[in-house]
Each structure stands twice: as structure tokens, then as C-alpha cells.
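Report on the structure
Residues per chain, in single letters:
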Amino acid sequence: MAIPILGSQEYAATMRMFQQMIEMENRTCEALAKEQATIRNPCNSNDDTVVSSSSSVINSWRERVVQWFYDLIDHLGENRELTFIAMNILDRYTGCCSSSNERLYELQAMSALFLAVRIGGTGNLALSQLVSMSRQPIIQEKDIMAMGKLMIASLMWDQR
């Protein structure tokens, strides 16, 4: 199969199209960054427990979160594979957008579970149910929704 040779006008049109695509992606990334900056952080700044990929805190929290996911998914009568989906979402998100403390990690975990049940399960998990199971009374339904939107937006680009 021969590779078609573009004329100068076709080449210029193709280059303009690529430039427009790059500009659109840059604008989208800038808008996403602005949106992330305006999302209310429900976590107290008094909590100085840092959760990062290299800390032992994230490992102990991760083990607890996995067990909590299994317990909750069993309670809901969902397929246990949803734990894998939820942890995949959570791990990928925390890999690109690190957690600043345990409360934020809990919010991210709750949002990942909610997304997993909506994506791969029956969708029988209500936000109000999830909020009532939180250790932190400060986490609200709107926080889970906002974090879920951030997770979806962040993971759509290059973390597939």
C-alpha cells in the first residue's frame, strides 16, 4: 500500500488541524486544573497525617480500605470483583493526584467505590448510604460527587 503524498495545501490544513487539537487539549487541561482548585476540600487542615505513595500510612490505609470494600460489597450483594474496580480507580487516581491526609484518602476511597458500583454493579448504592458509613461526619454527598467528577476527569486522559 502506497503512502499518499500530501500537497502543500493539504499539508497545511492537516497541520492546522493538529495545532487546533493541541490547543483544545491545553484549554481542557487548564479548565480541569481550575476546576480542581475550586473543589471544596472537606478535610481539616489540622490533620497532618500525610498519605503518599511512599509512606507506610497509605499501605495500612489501603489494606483497611480493601477490607471495607469487600465488607460493603458483600453487604450489598454485589460481585466481589467490584473491589478490584474500586481499588483500580483509587490507585490510579492517588498515583496521579496524591492524597494530602487520611480524610482526603477516605473521601477518594468512598468516591472510587461509588463509581465502581455505578460502573460495574447494580448501582444499588445510594450516596446517603455511603455517607452514613463514613468515619468522618464532615464528608457529605456533594463531596463524594465532586471527588467522583475529579476522578473521572483526571483518569480519562493518560491513565487508561
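Preceding this paragraph is the structure being described.
Residues numbered from 1 in each chain as written. Predicted model: local features only at pLDDT ≥ 70, side-chain atom pairs only at ≥ 80, totals over all residues. Heavy atoms only, no water.

Notes on the pattern of salt bridges
Under the convention used in this document: Each reported salt bridge corresponds to a side-chain nitrogen of Lys or Arg within 4 Å of a carboxyl oxygen of Asp or Glu. Put simply, DSSP H or I for four residues or longer makes a helix, DSSP E for two residues or longer makes a strand, and each gets a number counted from the N terminus.
In the structure shown here, the tally under the stated rule is two salt bridges. Here Arg 62 makes a salt bridge to Asp 91, at a shortest N to O gap of 2.6 Å. Residue Arg 62 is located in helix H2 (residues 56-76), and its partner Asp 91 is located in helix H3 (residues 81-96); the two are separated by 29 residues in the primary sequence.

Quick word on the nonpolar core
Let me state the cut-off plainly: By convention a nonpolar core is built from buried Ala, Val, Leu, Ile, Met, Phe, Trp, Tyr and Cys residues, the set being connected through side-chain atoms within 4.5 Å. Relative accessible area decides the class of each residue, using a 1.4 Å probe on protein chains only: under 20% of the type maximum gives buried, over 50% gives exposed, and in between gives partly exposed. Residue contacts are counted whenever heavy atoms from the two residues lie within 4.5 Å of one another.
If you look at the biggest cluster of nonpolar residues, it comprises 33 residues, and the most contacted ones within it are Val 65, Leu 90, Leu 113, Leu 130, Ile 144 and Met 151. Listed by contribution, the elements that provide at least two residues to this core are H2, H3, helix H4 (102-120), helix H5 (127-132) and helix H6 (141-155). Per-element tally for this core: the top contributor is H4, with 11 residues. The residues contacting Met 151, other than those within four sequence positions of it, are Ile 89, Leu 90, Tyr 93, Gln 108, Ser 111, Ala 112 and Leu 115.

Quick word on the layout of surface pockets
To be explicit about the condition: In this analysis a 1.4 Å probe is tested at points of a 1 Å grid over the protein atoms alone, and where it fits but cannot get out there is a cavity; an open set with protein on both sides within 12 Å along at least five of seven lines is a pocket; lining residues have an atom within 4 Å of a point. Grid points are joined across faces, edges and corners, and a volume is the space filled by probe spheres set on the points. In this classification, Asp, Glu, Lys and Arg are treated as charged, Ala, Val, Leu, Ile, Met, Phe, Trp, Tyr, Cys and Pro as nonpolar, and every other residue, Gly included, as polar.
Roughly 190 Å³ of internal volume is contained in the second largest pocket. Every residue lining the second largest pocket is listed: Trp 61, Arg 64, Val 65, Trp 68, Glu 106, Ala 109, Met 110, Met 133, Ser 134 and Arg 135. At the level of elements, H2 and H4 are the ones that each hand at least two residues to the lining of the second largest pocket. When residues in the lining of the second largest pocket are grouped by element, the largest group, four residues, is from H2. A per-class count over the lining of the second largest pocket returns six nonpolar, one polar and three charged.

Focus: the packing of aromatic side chains
Any pair of aromatic rings gets described here by the distance separating the centres and the angle formed by the planes. Let me state the cut-off plainly: Ring geometry is summarised as follows: Phe, Tyr and Trp rings, the Trp one being its six-membered ring, pair when their centres sit within 6.5 Å, and such pairs are stacked at plane angles under 30 degrees, edge-to-face over 60 and tilted between the two. Only when the NZ of Lys or the CZ of Arg is both within 6 Å of the ring centre and within 35 degrees of the ring normal is a charge said to sit over the ring.
Applying the stated criterion across every chain, the model contains two aromatic pairs. Ring geometry for Trp 68 against Phe 69: centres 5.8 Å apart, planes inclined by 45°, an arrangement best described as tilted. Stacked on the ring of Trp 61, the Lys or Arg Arg 64 has its end atom at 5.1 Å from the ring centre.

Some details on H3
Just so we agree on the cut-off: A helix's residues, less one, multiplied by 1.5 Å, set its expected span. Taken from the helix axis, the directions to the C-beta atoms give the arc we talk about.
Between the first and last C-alpha of H3 there are 23 Å, a value that for 16 residues agrees with the 22 Å anticipated at 1.5 Å per step. Among the residues of H3, those classed as buried are Leu 82, Thr 83, Ala 86, Met 87, Ile 89, Leu 90, Tyr 93 and Thr 94. On an axial view of H3, the arc spanned by its buried residues comes to 160°, and they lie on one face. With respect to the buried face of H3, the exposed residues turned more than 90 degrees away are Glu 81, Phe 84 and Gly 95.

By themselves these figures say nothing about function.
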